[in-house]
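Fold and contact review
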Amino acid sequence: MKPYFQNDLVTLYLADCRDQLLDLPSASVDVLLTDPPYGMAYEGRGRSAAAIRADGSRQGMRVLRQALSAASAALAPDVHAYVYCHWESWPDFYDATSAHLRPKGALIWWKARGGMGDCAASYAPDYEVVLHAAGPTRRPLVGKRLGAVLAGFAPVPSRVRTHPTEKPVELQRLLIERSCPVGGLVLDPFAGSGSTLVAAQQLGRRAVGMELEERYCEAAARRLELALPEGPPKAA
Ligand SMILES: C[S@@+](CC[C@H](N)C(=O)[O-])C[C@H]1O[C@@H](n2cnc3c(N)ncnc32)[C@H](O)[C@@H]1O
């Protein structure tokens, strides 16, 4: 299939990842970094408000399982994988991921600010969980050992984001920089507005992404055209 966007480092397909992943060369992916539909029937608010495709609970899980099966041959034996999860989808995401990779732990992206939900009778959902898993061959992470709580990465403000669940590029950069060898390949099968791809490009890594919705491919392509190399990611 012809890519929707391509430059020296990044290729983005407007496609269902369950089909497109089958075309990736075997054992080519060094880092899988993705933010699948959470299976929560998410509906955003504000300028970027929109329902997420395939986000109905059973449907979201099925898509993730099928995507991981389609991707598995393309993952290098020493791959590192990061899968964003909602706390309610964690058990299902854990099972789906551990069918292909070894779970290494849960990272917590601490957002330092509340969120929606039952404001009177629950704790503020001021974090997201990222499942970290790895392939059968051990590849050490780069840099000094970090704790599992990743702080200092502010959520993308609703007035500037182009996707309702857009992730901060700085956070994606931290995960890629620690896990992807120079010249390595990053994969995001649920690319949305391209935060993973932009981060990889800024770090000079190769990346391939897939996204089902043209409006998000368009947003990602615009961001990739503008993305310039930056300094190292900021962690607290
Ligand atoms: C949670 S969002 C990712 C947001 C992204 N992390 C960002 O920063 O913009 C998940 C995306 O997966 C896309 N999606 C859902 N099913 C898909 C499929 N089968 N293949 C490719 N993309 C899919 C949705 O359209 C949505 O944009």
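Residues numbered from 1 in each chain as written. Predicted model: local features only at pLDDT ≥ 70, side-chain atom pairs only at ≥ 80, totals over all residues. Heavy atoms only, no water.

1. Focus: the site of the ligand
With respect to spatial proximity, 25 residues lie near the ligand, and among them Asp 35, His 163, Ser 193, Ser 195 and Glu 211 are the closest. At 2.9 Å, a backbone N or O of Lys 167 approaches an oxygen atom of the ligand. Contact distances for the ligand include 2.7 Å between an oxygen atom and a side-chain N or O atom of Ser 193. Taking 610 Å² as the accessible area of the ligand by itself, protein coverage stands at 99%. Split into classes, the residues belonging to the shell around the ligand amount to twelve nonpolar, five polar and eight charged. (Near = heavy atom within 4 Å. Polar contact = N/O pair within 3.5 Å; in protein donor to acceptor, adjacent residues only side chain to side chain. Areas by Shrake-Rupley, 256 points an atom, 1.4 Å probe, with all protein chains shown as cover. Nonpolar A, V, L, I, M, F, W, Y, C, P; charged D, E, K, R; others polar.)

2. Regarding the pairing of strand S2 (residues 10–14)
The element S2 is extensively covered by neighbouring structure, given that four of its five residues are classed as buried. Alignment of strand S1 (residues 5–6) against S2, held across two bridges, turns out to be antiparallel. Across the sheet, residue Phe 5 finds its bridge partner in S2, namely Leu 12. Relative to strand S9 (residues 206–211), S2 is paired through five bridges, and the arrangement is parallel. Considered in S9, the bridge of Thr 11 is made with Val 208. (Buried < 20%, exposed > 50% of the residue type's maximum accessible area, 1.4 Å probe, protein only. Helix = DSSP H or I, 4+ residues; strand = E, 2+ residues; numbered from the N terminus. Pairing = 2+ DSSP bridges.)

3. Topic: the nonpolar core
Core analysis: the biggest nonpolar cluster contains 32 residues, and Tyr 84 and Ile 176 have the highest contact counts within it. If you list the elements that add at least two residues to this core, you get S2, strand S3 (29–34), strand S4 (75–85), strand S5 (102–110), helix H4 (169–179), helix H5 (195–202) and helix H6 (214–226). The biggest single contributor to this core is H4, with five residues. Counting residues in hydrophobic clusters, the runner-up holds 30 residues, among them Val 63, Ala 74, Leu 131 and Leu 185. (Core = buried A, V, L, I, M, F, W, Y, C linked by side-chain atoms within 4.5 Å.)

4. Describing H6
Taking 1.5 Å per residue, 13 residues should reach 18 Å; H6 reaches 18 Å between its end C-alpha atoms and fits that length. Those residues of H6 not exposed but buried are Tyr 216, Cys 217, Ala 219, Ala 220, Ala 221, Arg 223 and Leu 224. Among the structural elements, S1, S2, H4, H5 and S9 are those in contact with the buried residues of H6. (Expected span 1.5 Å × (residues − 1). Contact = heavy atoms within 4.5 Å.)

5. Notes on the environment of Pro 140
You can see Pro 140 is positioned in the loop between strand S6 (127–134) and strand S7 (149–150). When its relative accessible area of 52% is taken as the criterion, Pro 140 is described as exposed. Separated by 60 residues in the primary sequence, Pro 140 and His 80 place their C-alpha atoms 9.5 Å from one another.

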